[in-house]
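Structural description and commentary
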Amino acid sequence: MKKKTWFSLDNAAKIFPCISKKDRPNMFRVSAMLVEDVNKDILQQTVETVLTRFPSFKVKLKPGIFWWYLDSNLNDFVVKEEDPDIFNFDSVHQKNGYLFNVTYFKNKISLTVFHSITDGTGAMEFLKSIVFQYLKYTGKKVKSDGLILNPDGPTSNNETVDNFLTYYDKHKNKAAKEVPAYHIEGTNFEGGGIGCIIGTCNVEEVKALAKQHNVTLTTYLAALYTWCCYKEHYNINREEVFKKPIALLVPANMRKVFDDNTLRNYAGFIRLVSYFKPTTTFNDILVEFDKQMKEKLTKENLLKAANSNVKFEKWFIIRIMPLFLKNIVMRLAYKFVGDKLHTSSVSNLGVIQIPESMKPYIKNFHFDLCASFSNTKNFGICSYNNQLNLSFSRSVVETGIETRFFRELSSKGVNVVINSNYWEVDAWKNVYNAKL
C-alpha cells in the first residue's frame, strides 16, 4: 500500500477554498506548444510517472476541524482533451479529487491549476517536468541539465515547505492599509466562461521601449496596460475614473528574494496604484510605477505584506474558530475588502528556462490568469526563446482595452501576432480550431 502524506495549506492558499466558486475560480494555466501534435496515451503515461515525483500535486482538498488541508490522493489521474471553456471550475475540481488538469489540443500541453496547491512558478516547474518526460517517452534525446526537476530524481523536502511560516517575524510592521480601486465593468458572457487573447511579439523590441524610459519590462507593460484602461474608460465612466485609482496587483516571486525552491505558493504581492486627472500622460504613469516598484519590491516590504497574512492566521480567535465559521468570515472579508482593492492582476513569470536539448521540440510557452466577476480582466506575461507572450483573460465580452494595448505596441514599431479563443463569438462551439 502506498504511504499517505498530507500537507497543511500554505498561508497564501488558505483563502482560496473559502472564497472560490464558478464565477471566481482562482485558477491559472501554463501551456507548452510542442513542434509535434500530442499523443494522448503517451501524455497519460507521462503524467502518471511524473506525479510520483511531486507529492504536493498528488493531493486532494479535505475539510478539517479548523482549516482545509491537502491529503494524499491515491485515485487515478486522467488526462483530457482541452475544454473550450479553459477555466471551467468543475473540470479542475474533478471527481477524482485532483486540483489541476492536464489537457492537450493539437500540439499543446496545458496545466490548469487551482491556486491552493501552487503559484505560477511552481506550476511551470511541474509543467516543464511533464514536457521533459513526455519528450523522453516519445524517443527524444533530452537532458535535464539542472533546469528540470527530473521525474527520476528524489523529492527535496524544501519543495513542500510553507515559507510564509518559515520567514514569519511577528516583530515586523504590518503592511499599510490600501484604498478601494476602480473596477472594470462590462457585459458578462452568456453562460459564463473566459475569453482569452494572446499577443506574441519579439521580447527585445519591447525591452527597447522600456529601456528608452529606463524602466523594467514589467513596469513598462503594467504602465501601458494602466494607460489603456484609463483611456478606454475615460469617456465611459469619467467621474469614477478620477475618483478611484487604477490599482494593479503584481505578484513577486519570493523564491528569488530568499534563494528558495519551494513548489508551493510563495509569491509576495505589491500594488501599483495610479490616480488620474485630465492632464495625466503615459509618461506620468511610467514615472510613478517605476518609483513604486523600487520602493515596494524590496525584501522588507514583501515581508511586511506576508507577515500581515500570517499574523491574521495566528490570531487566537481565528485559530480556534471552526472551519464552517472561518469559511463565512473569510468570504465576507474578501467580499468587502479583498475584492475592492485592485482593478486587475498583472503577473510576469519571466523567461522560461529549459535545457538546450529540449528547445528543438518546443515552440513556445503561455501563461494565462483567470478573470472573475469582480476582477473582470487579468494579464499574464512570460517569455521564451526571444518571444514575449502577453495573455489577457476576461470575464466580459468587451475587448477595448486589449485592442488599444496591442495597437499602442504596434504604433511603437512592435510586430504583434494575435490569437484568441473567440469566446465573444456566439458560434464558438463550431470554431473548434479556435481553441488557444
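Everything quoted here is computed from the prediction, not taken from an experiment.

The buried count for strand S2 (residues 27–34) comes to eight of eight residues, which makes it a mostly enclosed element. The side-chain alternation of S2 yields two buried faces, one formed by Met27, Arg29, Ser31 and Met33 and the other by Phe28, Val30, Ala32 and Leu34. Of the strand pairs in this sheet, S2 and strand S7 (residues 108–114) are connected by seven bridges, and their pairing is antiparallel. Considered in S7, the bridge of Phe28 is made with Val113.

Let us now look at helix H4 (residues 120–137). Taking 1.5 Å per residue, 18 residues should reach 26 Å; H4 reaches 26 Å between its end C-alpha atoms and fits that length. Within H4, 14 of the 18 residues are buried, which leaves the element mostly enclosed by the surrounding structure.

With that out of the way, let us pick up helix H13 (residues 323–336). Given a rise of 1.5 Å per residue, 14 residues ought to cover 20 Å, and the 20 Å separating the end C-alpha atoms of H13 matches this to within 8%. Those residues of H13 not exposed but buried are Leu323, Lys326, Asn327, Met330 and Tyr334. Viewed along the axis of H13, the buried residues span an arc of 100 degrees, placing them on a single side of the element. For H13, exposure combined with an orientation more than 90 degrees from the buried face picks out Phe324 and Phe336. Looking at the buried side of H13, the elements it contacts are helix H1 (16–19), strand S3 (59–63), strand S4 (68–72) and helix H12 (316–320).

Detail in the predicted coordinates should be disregarded across regions flagged by low pLDDT. Looking at the protein chain as a whole, its pLDDT mean stands at 87, while 90% of the residues score no less than 70. Within the model, the stretch residues 427–436 combines pLDDT values under 50 with 23 contacts to residues more than four positions away or in other chains.

Once that is clear, we can look at the nonpolar core. With 60 residues, the main nonpolar core has Leu43, Phe100, Val102 and Phe365 as its most contacted residues. For this core, the elements supplying multiple residues, two or more each, are S2, helix H2 (40–51), strand S6 (100–105), S7, H4, strand S8 (195–202), strand S12 (362–369) and strand S13 (377–384). The greatest single-element share of this core, amounting to nine residues, is contributed by H4. Grouped together as the second largest cluster of nonpolar side chains are 52 residues, Val206, Leu221, Met254 and Leu303 included.

A few words now on the environment of Ile148. Within the secondary structure, Ile148 is located in the loop between H4 and helix H5 (163–166). Remark: the alpha-carbon pair of Ile148 and Phe89, spanning 59 residues in sequence, is separated by 29 Å. Beyond its immediate stretch of four places on either side in the chain, Ile148 contacts Lys128, Ser129, Phe132, Pro355 and Met358.

Once that is clear, we can look at the side chain of Arg24. Position of Arg24 relative to the elements: it lies in the loop between H1 and S2. Those residues in contact with Arg24 that lie beyond four places of it in its chain are Ile19, Tyr334, Asp339, Ser372, Phe373 and Ser374.

Further remarks concern the packing of H2 against H4. Direction vectors running N to C along H2 and H4 enclose 125 degrees, while the axes themselves pass 9 Å from each other. Relative to H4, the element H2 lies oblique. Crossing hand, H2 versus H4: right-handed. Every residue of H4 that contacts H2 at Ile42, Leu43, Gln45, Thr46, Val47, Thr49, Val50 and Leu51 is listed here: Phe126, Ser129, Ile130, Gln133, Tyr134 and Tyr137.

This brings us to the packing of aromatic side chains. If you walk through the whole model with that rule in mind, you get 22 aromatic pairs. A centroid spacing of 5.9 Å and a plane angle of 80 degrees characterise the contact between Phe57 and Phe100, whose relative ring orientation is edge-to-face. Linking Phe57 in the loop between H2 and S3 with Phe100 in strand S6, this pair joins segments that are 43 residues apart in sequence. Each member of the pair, Phe57 as well as Phe100, carries the same accessibility label: buried. Here the aromatic cluster, defined as three or more aromatic residues joined through ring pairs, consists of Phe54, Phe57, Phe77, Tyr98, Phe100 and Phe126. Here Lys14 stacks its cationic end above the ring of Trp67, 5.2 Å away from the centre of that ring. A cation over a ring is seen here: Arg53 above Phe54, with NZ or CZ 5.1 Å from the ring centre.

The rules behind the values
Residues numbered from 1 in each chain as written. Predicted model: local features only at pLDDT ≥ 70, side-chain atom pairs only at ≥ 80, totals over all residues. Heavy atoms only, no water. Buried < 20%, exposed > 50% of the residue type's maximum accessible area, 1.4 Å probe, protein only. Helix = DSSP H or I, 4+ residues; strand = E, 2+ residues; numbered from the N terminus. Pairing = 2+ DSSP bridges. Expected span 1.5 Å × (residues − 1). Arc of directions from axis to C-beta. Contact = heavy atoms within 4.5 Å. pLDDT = per-residue confidence, 0-100. Core = buried A, V, L, I, M, F, W, Y, C linked by side-chain atoms within 4.5 Å. Axes fitted to C-alpha atoms, helices over the stretch in contact; angles between N-to-C directions. Parallel < 35°, antiparallel > 145°, perpendicular 65-115°, else oblique. Left-handed = near helix turned anticlockwise from the far one by under 90°. Phe/Tyr/Trp six-rings, centres within 6.5 Å; stacked < 30°, edge-to-face > 60°. Lys NZ or Arg CZ within 6 Å of the ring centre and 35° of its normal.

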